[in-house]
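Chain by chain, the residues run as shown.
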Amino acid sequence: MESSFDNLDAAGFLEIWQHFDADDNGYIEGKELDDFFRHMMKRLGPQEKATEERVQRLKQRFMSAYDVTADGKLQIQELANMILPEEENFLLVFRREALLDNSVDFMKIWRKYDIDCSGYISAQELKAFLKDLFQQHHKEVSPDKLEEYTDAMMKVFDKNKDGRLDLNDLARILALEENFLLQFQMDASSKEERKRDFEKIFDHYDVSKTGALEGPEVDGFVKDMMELVRPNLTGPDLDKLRAVLLRHCDVNKDGKIQKNELALCLGVKPKP
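About the cut-offs
Residues numbered from 1 in each chain as written. Predicted model: local features only at pLDDT ≥ 70, side-chain atom pairs only at ≥ 80, totals over all residues. Heavy atoms only, no water. UniProt positions renumbered as here; feature names shortened; annotations may be inferred. Core = buried A, V, L, I, M, F, W, Y, C linked by side-chain atoms within 4.5 Å. Buried < 20%, exposed > 50% of the residue type's maximum accessible area, 1.4 Å probe, protein only. Helix = DSSP H or I, 4+ residues; strand = E, 2+ residues; numbered from the N terminus. Expected span 1.5 Å × (residues − 1). Contact = heavy atoms within 4.5 Å. Disulfide = S-S within 2.5 Å. Patch = residues over 30% accessible without salt bridge, like charges linked within 9 Å, V, L, I, M, F, W, Y side chains within 5 Å. Areas by Shrake-Rupley, 256 points an atom, 1.4 Å probe, with all protein chains shown as cover. Salt bridge = Lys/Arg side-chain N within 4 Å of Asp/Glu carboxyl O. Domains from an automatic or database assignment. Buried area = accessible area lost by both parts, 1.4 Å probe. Polar contact = N/O pair within 3.5 Å; in protein donor to acceptor, adjacent residues only side chain to side chain.

Under an unreviewed UniProt entry, the name given to the protein is Secretagogin, and the source organism is Poecilia formosa. Checking UniProt for the protein, the heading Subcellular location (unreviewed entry) contains the comment "Cytoplasm".

And the structure:
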């Protein structure tokens, strides 16, 4: 397999990804997937005819090995594992076992690397993030390579091509799990249901277990809550909505949202 993509670097990988993710939705799936394996067939055995049967056989073989999520489509990390030489696989630092399952942890990262507090991650800020990630993985990367990887990440994930990443772009890079609040019926009819749901929700966002939401815990809650009605939330949007929530819910003005304050805001009576 490796010989068919010898000397593939980040830029070459990027071209392949963008070519086959034709609808730019972050996956290679359906007809795109068949086209990709047809292309693979030609590279692996140019002398053999790429019949439909052979293409499907090749697809089945590689998808069973590399489709980690078993969803029948290729994510960018899965494709990288398939075709990038290990020393060039700059996406290894985003392994699936490092998946974020809490928006609070995501917002900690966002706040740390949005150094100028602009509400966006610039190329320079992304480079600082990647540099720290490589160091955490004990991976030595030259300044030139770091520049190349930053450029590749910006080209793949900067969806509106404005030279910066917004909240949704970084969430895609970090493979943030589905919005936690989607599992709840916000219009739960009985008081008991609402009380039970409130306890689960508060416990999820109160990562520090202090009985109050503060800092990135408030950010994570606001992000998930607002994305239920506004999917493309930006950093500046989040800052405004955070201020609104604190103004309405932070009764004692300590910069935190106590459990009873949030319950009052949401019209729920929490457990004593």
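J.: An account of the nonpolar core is needed here, citing residue identities and associated values.
T.: Phe13, Phe36, Phe37, Leu79, Ile83, Phe90 and Phe94 are the most contacted members of the largest nonpolar core, which has 77 residues in total. Counting residues per element, this core draws most heavily on helix α7 (residues 143-157), which supplies seven residues.

J.: Give me α7: which residues, what numbers.
T.: Taking 1.5 Å of rise per residue, the 15 residues of α7 would be expected to cover 21 Å, and the 21 Å separating its terminal C-alpha atoms lies within 8% of that figure. Regarding α7, the residues found buried are Leu146, Tyr149, Thr150, Ala152, Met153, Met154, Val156 and Phe157. Of the surrounding elements, those touching the buried residues of α7 are α1 (10-20), α4 (76-83), α6 (123-136), β2 (164-165) and α8 (167-173).

J.: Hey, could you go over the state of the cysteines for me, with residue numbers and the actual values?
T.: Counting across every chain of the model gives one disulfide. What pairs with Cys249 in a disulfide is Cys265, and their sulfur atoms sit 1.9 Å apart. Between Cys249 and Cys265, the S-S torsion sits near -110°, and that sign places the bridge as left-handed. With Cys249 in helix α11 (residues 235-249) and Cys265 in helix α12 (residues 259-266), this residue pair connects regions lying 16 residues apart in the sequence. Judged by relative accessible area, which is 2%, Cys249 ranks as buried.

J.: Provide a residue-level description of unusual backbone geometry, including the pertinent values.
T.: Excluding glycine, residues mostly carry a negative phi; peptide bonds, for their part, are mostly trans. Residue Ala70 is not a glycine yet carries a positive backbone phi of 50°. One can find Ala70 in the loop between α3 (52-66) and α4. We note that Cys117 has phi near 55°; this positive angle belongs to a residue other than glycine. Secondary-structure assignment places Cys117 in the loop between α5 (103-113) and β1 (121-122). Given the relative accessible area of 63%, Cys117 is considered exposed.

J.: Break down a nonpolar patch on the surface for me, citing the residues and quoting the values.
T.: Taken together, the side chains of Leu182, Leu228 and Val229 present a nonpolar region at the surface, about 280 Å² in accessible area. Note that Leu228 resides in the loop between α10 (216-227) and α11. The partly exposed category is assigned to Leu228, whose relative accessible area is 34%.

J.: Break down the domain arrangement of the protein for me, with residues and values.
T.: Domain parsing of the protein yields domain 1 (8-81), domain 2 (90-172) and domain 3 (178-264). Using C-alpha coordinates to define each centre, domain 1 is positioned 25 Å away from domain 2. Each side of the interface is counted separately: domain 1 has 15 residues, and domain 2 has 13 residues. Between domain 1 and domain 2, a total of about 1,100 Å² is buried, with carbon and sulfur atoms accounting for 67% of that surface. Counting the surface domain 1 buries against domain 2, the share from its top three residues, Ala10, Leu14 and Gln77, is 39%. If you look at where domain 1 meets domain 2, you find one salt bridge. As a salt-bridge pair, Asp24 and Lys159 come within 2.8 Å of each other at their nearest N and O atoms. For the pair domain 1 and domain 2, the interface holds three residue pairs in polar contact (both at pLDDT 80 or more).

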